[in-house]
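Structural overview
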Amino acid sequence: VRMTDSHMAAKNIVSKYTLYAAGAGLVPIPMLDLAALTAVNLAMIQDITKHFGADFSEEWGKSTIAALLAGMTATSVAKSAGAVSMLRVIPIVGQAVASVSMSVFGSAATNIVGRVFVAHFAAGGTMLSFDVEQAKKSAAEQYAKGKGVVSRQFEKGKSMFSKSEAEGVVVGEDVMAAEMVATPA
């Protein structure tokens with residue numbers, strides 16, 4: 001499947017904001033990190049809508065981001081956020097682990113939100129035709145797939161140092177194949 005230049009440019013927008021979200025997740029102050037992640041996602045959606053020539057409303061963007069993040073299995077998000085908050089009270093090590101955890105979660109969530117919006121607008125969708133329930137379902141599915149890919153790679157990584165270099169290349173190809181499957185059309 002060959003990607004159009006427009007679709008590639010949209011994916012680049014998502015990639016850029018995924019990196020910004022990783023940085024925003026490193027903010028060591030609880031709730032300020034979430035505010036920074038929300039701002040990053042809002043700016044990303046605004047850039048995606050602009051790229052596709054669609055209208056954008058900040059209020060619509062905020063409510064849609066909230067709905068999508070809630071759709072990524074609220075209990076997982078709540079557990080992650082709760083664990084991160086608890087870790088932040090442990091000086092130095094806990095704060096570092098919490099910041100890295102929030103960075104990983106924030107960048108993954110931002111990537112998923114971006115993919116959902118790119119798929120919608122690339123298909124000719126508008127702000128008014130955006131189906132929040134369908135988007136929540138798609139985001140939850142991508143979140144579950146992503147967790148599965150990470151879990152499989154983690155399991156493979158446990159014995160990675162005992163594998164030959166050639167076998168390591170196969171692992172890399174597995175990651176690429178899994179990413180292709182998780183990419184919406």
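Since this is a predicted model, take the numbers as computed values, not measurements.

1. Things to note about the overall build of the chain
Helix and strand counts for the chain come out as seven helices and zero strands. Taking all 185 residues of the chain together, the buried fraction comes to 34%. Carbon together with sulfur atoms contributes 66% to the accessible area of the chain, which is approximately 10700 Å² in total.

2. Looking at the packing of aromatic side chains
Here the structure, examined in full by the defined rule, presents six aromatic pairs. An angle of 20° between the planes, with centres 6.4 Å apart, marks the rings of Phe-52 and Phe-121 as stacked. Here Phe-121 lies in helix H5 (residues 93-122) and Phe-52 lies in the loop between helix H2 (32-51) and helix H3 (58-71), a separation of 69 residues in the sequence. Looking at Phe-52, the relative accessible area reads 23%, which means it is partly exposed. For the ring pair Trp-60 and Phe-130, a centre distance of 5.6 Å and an interplane angle of 85° mean the geometry is edge-to-face. Taken together, the residues Trp-60 in helix H3 and Phe-130 in the loop between H5 and helix H6 (132-158) connect sequence positions 70 residues apart. Judged by its relative accessible area of 15%, Trp-60 falls in the buried class. By the ring-pair criterion, three or more aromatic residues cluster together here, those being Phe-52, Trp-60, Phe-117, Phe-121 and Phe-130.

3. Structural notes on H2
Given a rise of 1.5 Å per residue, 20 residues ought to cover 28 Å, and the 28 Å separating the end C-alpha atoms of H2 matches this to within 8%. Along H2, the residues that are buried comprise Asp-33, Leu-37, Val-40, Asn-41, Leu-42, Met-44, Ile-45, Ile-48 and Thr-49. Once H2 finishes, Gly-53 follows within two positions and takes phi at roughly 75°, a positive value.

4. What about the packing of helix H1 (residues 5-24) against H2?
Relative orientation and spacing of two packed helices are given, respectively, by the angle between their axes and the distance between those axes. For the pair H1 and H2, interaxial distance at closest approach is 9 Å and the crossing angle is 170°. The angle between H1 and H2 places the two elements in the roughly antiparallel class. Mapping the contact onto sequence places Ser-6, Ala-9, Ala-10, Ile-13, Val-14, Lys-16, Tyr-17, Tyr-20, Ala-21 and Ala-24 in H1 and Asp-33, Ala-36, Leu-37, Val-40, Ala-43, Met-44, Asp-47, Ile-48 and His-51 in H2. Its residues assigned to classes, the contact of H1 with H2 comprises 14 nonpolar, two polar and three charged.

5. Re the nonpolar core
In terms of nonpolar packing, the biggest core is built from 30 residues, with Met-44, Ile-48, Trp-60, Leu-68, Phe-117 and Phe-130 touching the most fellow members. Of all elements in the fold, only H1, H2, H3, H5 and H6 reach the threshold of two or more residues within this core. With nine residues, the top contributor of residues to this core is H5. Apart from residues lying up to four places away in sequence, Ile-48 is in contact with Ile-13, Val-14, Gly-114, Phe-117, Val-118 and Phe-121.

6. So, the confidence of the model for the chain
Summary statistics for the chain give a mean pLDDT of 74 and a share of 61% for residues scoring 70 or more. Within the chain, the element-level pLDDT minimum falls on helix H7 (residues 165-182), averaging 38, and the maximum on H2, averaging 91. Throughout residues 159-185 the model reports pLDDT below 50, and contacts reaching past four residues in sequence, or to other chains, amount to 19 contacts.

7. Some remarks on the pattern of salt bridges
This model, assessed by the stated rule, comprises three salt bridges. Put simply, Asp-47 and Lys-16 hold a salt bridge, and the shortest N to O gap is 3.8 Å. Of the two residues, Asp-47 sits in helix H2 while Lys-16 sits in helix H1, which places them 31 residues apart along the sequence. Assessed through its relative accessible area of 24%, Asp-47 is described here as partly exposed. In this structure, Lys-62 and Glu-58 form a salt bridge, with 3.4 Å as the shortest nitrogen-oxygen distance. With a gap of four residues between them, Lys-62 and Glu-58 both fall in helix H3, about one helical turn apart. The exposure class assigned to Glu-58 is partly exposed, which follows from its relative accessible area of 45%.

Calculation criteria
Residues numbered from 1 in each chain as written. Predicted model: local features only at pLDDT ≥ 70, side-chain atom pairs only at ≥ 80, totals over all residues. Heavy atoms only, no water. Helix = DSSP H or I, 4+ residues; strand = E, 2+ residues; numbered from the N terminus. Buried < 20%, exposed > 50% of the residue type's maximum accessible area, 1.4 Å probe, protein only. Areas by Shrake-Rupley, 256 points an atom, 1.4 Å probe, with all protein chains shown as cover. Phe/Tyr/Trp six-rings, centres within 6.5 Å; stacked < 30°, edge-to-face > 60°. Expected span 1.5 Å × (residues − 1). Axes fitted to C-alpha atoms, helices over the stretch in contact; angles between N-to-C directions. Parallel < 35°, antiparallel > 145°, perpendicular 65-115°, else oblique. Contact = heavy atoms within 4.5 Å. Nonpolar A, V, L, I, M, F, W, Y, C, P; charged D, E, K, R; others polar. Core = buried A, V, L, I, M, F, W, Y, C linked by side-chain atoms within 4.5 Å. pLDDT = per-residue confidence, 0-100. Salt bridge = Lys/Arg side-chain N within 4 Å of Asp/Glu carboxyl O.

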